[in-house]
Amino acid sequence: MSKIYYFSANWCQPCKQLAPTMERSGLPFQKVNVDEDSTLSAKYGIRNVPTLVKVDNSGNEVSRLVGNNPLEKIQSWYNG
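Residues numbered from 1 in each chain as written. Predicted model: local features only at pLDDT ≥ 70, side-chain atom pairs only at ≥ 80, totals over all residues. Heavy atoms only, no water.

Right, let's talk about helix 1 (residues 13-25) for a bit. In this model, helix 1 (13 residues) spans 19 Å end to end at C-alpha, consistent with the 18 Å of a helix rising 1.5 Å per residue. Within helix 1, the axis deviates most sharply at Ala19, by approximately 30°, and proline Pro20 lies no more than four positions further along. Cys15, Leu18, Ala19, Thr21, Met22 and Ser25 are the residues of helix 1 that are buried. Looking at the buried side of helix 1, the elements it contacts are strand 1 (3-8), strand 2 (29-33), strand 3 (51-55) and helix 3 (71-79). Phi turns positive, to about 75°, at Gly26, one or two residues after helix 1. (Helix = DSSP H or I, 4+ residues; strand = E, 2+ residues; numbered from the N terminus. Expected span 1.5 Å × (residues − 1). Bend = angle between axes of the 7 residues up to and from the residue. Buried < 20%, exposed > 50% of the residue type's maximum accessible area, 1.4 Å probe, protein only. Contact = heavy atoms within 4.5 Å.)

Okay, here's the thing in structure tokens:
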């Protein structure tokens with residue numbers, strides 16, 4: 001089963017707006033603060049926040065979605 005790394009930052013307004021959407025999504029995700037976890041952020045080449053990175057069970061990137069997107073788009077992206 002895939003999971004999502006949700007890369008964000010405390011100072012990022014779009015990240016704050018996306019947080020409740022992710023909570024409602026019902027999708028498996030782990031929130032990652034780019035300022036606190038630079039290793040994971042560097043591993044996935046995060047340049048913008050918010051960024052959602054879908055990974056497989058081995059941690060390999062499957063796809064990514066950048067920006068504050070609506071719930072329907074996030075669910076479609078994850079399930080697609």
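From this point, things continue past the structure.
Our next topic: the state of the cysteines. Defined simply, a disulfide is a covalent bond joining two cysteines at their sulfur atoms. Scanning the entire structure with this criterion turns up 1 disulfide. Disulfide partner of Cys12: Cys15, at an S-S distance of 2.5 Å. Here Cys12 and Cys15 share a disulfide; its torsion about the S-S bond, 80°, makes the bridge right-handed. For the pair Cys12 and Cys15, a shared accessibility class is recorded, and that class is buried. (Disulfide = S-S within 2.5 Å.)

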